[in-house]
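# Notes for the structure review
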Amino acid sequence: MTAKEKEHYIHPLTSAIREIVSIFSELDFEVASGPELETEHYNFDALNVAKDHPARDMQDTFWVDDNHVLRTHDTSVTARKLEENNGEMRFVSCGKAYRNEATDMTHEAQFYQVDAFAVGKDITLAHLKGTLETFFGKFLGGSVEVRFRPGFFPFVEPGVEVDMRLTGDTVPARLKGKWIEILGAGMLHPNVLKAGGIDPEEYQGWAFGGGIERLCMLKWGIDDVRLFHSGDLRFIQQFKSSK
């Protein structure tokens, strides 16, 4: 056995998911998961996605039968956890999602998402901003600035597009000082809270979701999202494991 064959490697997605879970666990978030074969209710209805929303069309969604889809986002886990719990809660989930679309350097038909949400009686967008600054700072390194721009997502109101900028001596030159569009977020829509059995007059919450491959590409300078699911050992063997 050669010296290279004795080395241990870890897929960057596995490494990233472990780090994301560790960071949010330090922030007192519980870890959640859900089925990849999801019902129409949890994938769309419970998340306030209208019956005529384009995301339900065949070009975006892999329909398995009249009532089940390969989930189009990990946010379906949020719908399930809202239904299973009452009052204050914080959850993070990292899972695979599927979209029926052509692939290129920045798009894949399968990908991983990190979704997180917090519900309470005094939750605001300021809590979301602070959480994202902490998360990005720990995951990517350096000091982090976060800014919100108006955005539309059916399950939040108001919805925001999140940009971030990294500064500091440890930040790679390709990221330092540049505003980067990173994910979508917002305050959970009252209809989503109602669908989960939560009284929106008493509780409110924030939520965000983003692609984990996108975070990995920023962290390690990877330029083609298709490499993550290629099974090419030459790609994996660039990422050594400490164990």
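It should be noted that the structure appears before, not after, this text.
Let us look at the structure shown here. No experiment lies behind these values; they were computed from the predicted model shown.

Scanning the chain for helices and strands turns up eight helices and nine strands. For a compact globule of 243 residues, the expected C-alpha radius of gyration is about 18 Å, and the chain comes in at 18 Å, within 12% of that figure. Residues counted as buried form 44% of the 243 residues belonging to the chain. Long-range contacts, defined here as pairs at least 24 residues apart, represent 67% of the contacts in the chain between residues at least 6 apart. Summed over all atoms, the accessible surface of the chain reaches about 12100 Å², with 49% contributed by carbon and sulfur.

Below, the discussion takes up the nonpolar core. The biggest cluster of nonpolar side chains holds 43 residues, and the ones touching the most others in it are Phe136, Met164, Trp206 and Phe208. Ranked by the residues each element gives to this core, the list is headed by helix H5 (residues 125–140), at six residues. Phe44, Val77, Phe91 and Val119 belong to the second-largest nonpolar core, a separate cluster that totals 22 residues.

This paragraph deals with the packing of H5 against helix H7 (residues 212–220). Packing of H5 against H7 leaves a shortest axis separation of 10 Å and a crossing angle of 50 degrees. When the axes of H5 and H7 are compared, the pair comes out oblique. Here Phe135, Phe136, Phe139 and Leu140 of H5 come into contact with H7, specifically with Leu215, Leu218 and Lys219. A class-by-class count of the residues in the contact of H5 with H7 yields six nonpolar, no polar and one charged.

A few words now on the sheet that holds strand S1 (residues 30–32). Spatial strand order, S1-S4-S5-S9-S8-S7-S6: seven strands in an open sheet with mixed pairing. Of all strands in the sheet, those bounded by a partner on one side alone are S1 and strand S6 (143–151). Pairwise comparison of adjacent strand axes, ignoring direction, gives a mean angle of 25 degrees for this sheet. In this sheet, strand S4 (residues 89–98) lies alongside S1 in parallel orientation, the contact comprising three bridges. Note that in S4 the partner of Glu30 across the bridge is Phe91.

Moving on: the pairing of S4. Burial analysis of S4 places eight of its 10 residues in the buried class, the great majority of the element. In the sheet, S4 pairs with strand S5 (residues 110–120) via 10 bridges, with the strands oriented antiparallel. Bridge pairing in S5 links Phe91 to Phe117.

Residue placement: Glu108 occurs in the loop between S4 and S5. No salt bridge forms around the buried Glu108; measuring N to O, its nearest opposite-charge neighbour Arg226 is 6.3 Å away. Discounting residues that sit within four places of it in the chain, Glu108 has contacts with Glu101, Thr103, Val225, Arg226 and His229.

Here the focus is helix H2 (residues 12–26). In a regular helix each residue adds 1.5 Å, so 15 residues correspond to 21 Å; H2 covers 21 Å between its end C-alpha atoms and thus fits that length. Listed in full, the buried residues belonging to H2 are Pro12, Leu13, Ala16, Ile20, Ile23 and Phe24. Taken down its axis, H2 places every buried residue within 95 degrees of arc, on the same side. Of the exposed residues in H2, those oriented more than 90 degrees away from the buried face are Arg18 and Glu26. Elements that come into contact with the buried residues of H2 comprise S4, S5, H5, strand S9 (204–211), H7 and helix H8 (233–236). In the stretch just after H2, Asp28 is the one whose phi turns positive, near 70 degrees.

Glancing now at the environment of Ile222. Along the polypeptide, Ile222 turns up in the loop between H7 and H8. Separated by 13 residues in sequence, Ile222 and Phe235 have C-alpha atoms that sit 9.9 Å apart. Ignoring sequence-local partners within four residues, the contact set of Ile222 consists of Cys216, Met217, Leu227, Phe228, Phe235 and Phe239.

Let's shift gears to the packing of H2 against H7. Where H2 contacts H7, the two axes come as close as 10 Å, and the packing angle between them is 100 degrees. For the element pair H2 / H7, the angle class is roughly perpendicular. Contacts between H2 and H7 involve Pro12, Leu13, Ser15, Ala16, Ile17, Glu19 and Ile20 on the former and, on the latter, Ile212, Glu213, Leu215, Cys216, Lys219 and Trp220. Per-class residue counts for the contact of H2 with H7 are nine nonpolar, one polar and three charged.

What counts, and where the lines are drawn
Residues numbered from 1 in each chain as written. Predicted model: local features only at pLDDT ≥ 70, side-chain atom pairs only at ≥ 80, totals over all residues. Heavy atoms only, no water. Helix = DSSP H or I, 4+ residues; strand = E, 2+ residues; numbered from the N terminus. Rg over C-alpha atoms; globule rule 2.2 N^0.38 Å. Buried < 20%, exposed > 50% of the residue type's maximum accessible area, 1.4 Å probe, protein only. Contact = heavy atoms within 4.5 Å. Areas by Shrake-Rupley, 256 points an atom, 1.4 Å probe, with all protein chains shown as cover. Core = buried A, V, L, I, M, F, W, Y, C linked by side-chain atoms within 4.5 Å. Axes fitted to C-alpha atoms, helices over the stretch in contact; angles between N-to-C directions. Parallel < 35°, antiparallel > 145°, perpendicular 65-115°, else oblique. Nonpolar A, V, L, I, M, F, W, Y, C, P; charged D, E, K, R; others polar. Pairing = 2+ DSSP bridges. Lys, Arg positive; Asp, Glu negative; His and termini not counted. Salt bridge = Lys/Arg side-chain N within 4 Å of Asp/Glu carboxyl O. Expected span 1.5 Å × (residues − 1). Arc of directions from axis to C-beta.

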